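Working through the structure, step by step
Chain by chain, the residues run as shown.
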Amino acid sequence: QVQLVESGGGLVQAGGSLRLSCAASGRTFSRYNMGWFRQAPGKEREFVAAINWSGGITYYADSVKGRFTISRDNVKNTVDLQMNSLKPEDTAVYYCAADRSGVFTRMRVAARSTYDYWGQGTQVTVSS
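The rules behind each value
Residues numbered from 1 in each chain as written. Predicted model: local features only at pLDDT ≥ 70, side-chain atom pairs only at ≥ 80, totals over all residues. Heavy atoms only, no water. Helix = DSSP H or I, 4+ residues; strand = E, 2+ residues; numbered from the N terminus. Rg over C-alpha atoms; globule rule 2.2 N^0.38 Å. Buried < 20%, exposed > 50% of the residue type's maximum accessible area, 1.4 Å probe, protein only. Contact = heavy atoms within 4.5 Å. Areas by Shrake-Rupley, 256 points an atom, 1.4 Å probe, with all protein chains shown as cover. Salt bridge = Lys/Arg side-chain N within 4 Å of Asp/Glu carboxyl O.

1. Points about the overall build of the protein chain
- For the protein chain, the count of helices and strands is one helix and eleven strands.
- Along the chain direction, N to C, the helices and strands of the protein chain fall in the order β-β-β-β-β-β-β-β-β-α-β-β.
- A compact globule built from 128 residues would reach a C-alpha radius of gyration of about 14 Å, and the protein chain, at 13 Å, matches this within 12%.
- Referenced to the eigenvectors of the C-alpha coordinate spread, the extents of the protein chain come out at roughly 40 × 25 × 25 Å.
- Out of the 128 residues in the protein chain, the part that is buried amounts to 44%.
- Partitioning the intrachain contacts of the protein chain with sequence separation of at least 6 by distance along the chain shows that 60% fall at a separation of at least 24.
- Carbon together with sulfur atoms contributes 47% to the accessible area of the protein chain, which is approximately 6500 Å² in total.

2. Regarding the pattern of salt bridges
- Under the defined criterion, the tally for this structure stands at eight salt bridges.
- A salt bridge links Arg19 to Asp80, with the nearest nitrogen and oxygen atoms 3.2 Å apart. Separated by 61 residues along the polypeptide, Arg19 in strand β3 (residues 18-24) and Asp80 in strand β8 (residues 78-83) bring together distant segments of the chain.
- The exposure class assigned to Asp80 is buried, which follows from its relative accessible area of 14%.
- A salt bridge links Glu44 to Arg112; the nearest nitrogen and oxygen atoms lie 3.9 Å apart. Here Glu44 is found in the loop between β4 (33-39) and β5 (46-51), whereas its partner Arg112 is found in the loop between α1 (106-109) and β10 (117-118), with 68 residues between them in sequence.
- According to the relative accessible area criterion, Glu44 is exposed, its value standing at 62%.
- Several salt bridges converge on common partners, so that one network encompasses Arg38, Glu46, Arg67 and Asp90.

3. A short note on the side chain of Asp90
- As for its placement among the helices and strands, Asp90 is situated in the loop between β8 and β9 (92-99).
- The residues contacting Asp90, other than those within four sequence positions of it, are Arg38, Arg67, Phe68, Ser85, Val124 and Val126.

The following block contains the structure:
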């Protein structure tokens, strides 16, 4: 069992930056692929970014590519999402998720159904 707790959300002006962090419990964190998703009001939860178990492979949604960076620390059991050049359309609840399979393909890591564990989410609001 893995528990995920997100932090770092808040209110920021357009063009600003935020850094989200997800802390994971459990001794097997370093074996999991990790992902970030987001859900805006009235919309489905959508893929944002993913990182493989070692941190050597990342994948981003087109909407955030070049602005967001995902990283992980397998000693601290954390996965971070650095968000720069934020836009009002980035406003959403952001969730981190863990995938036990260890299989990293673009199709798999972008699908909500791939992930076994989810955090409770952290709100990000970008004002114009």
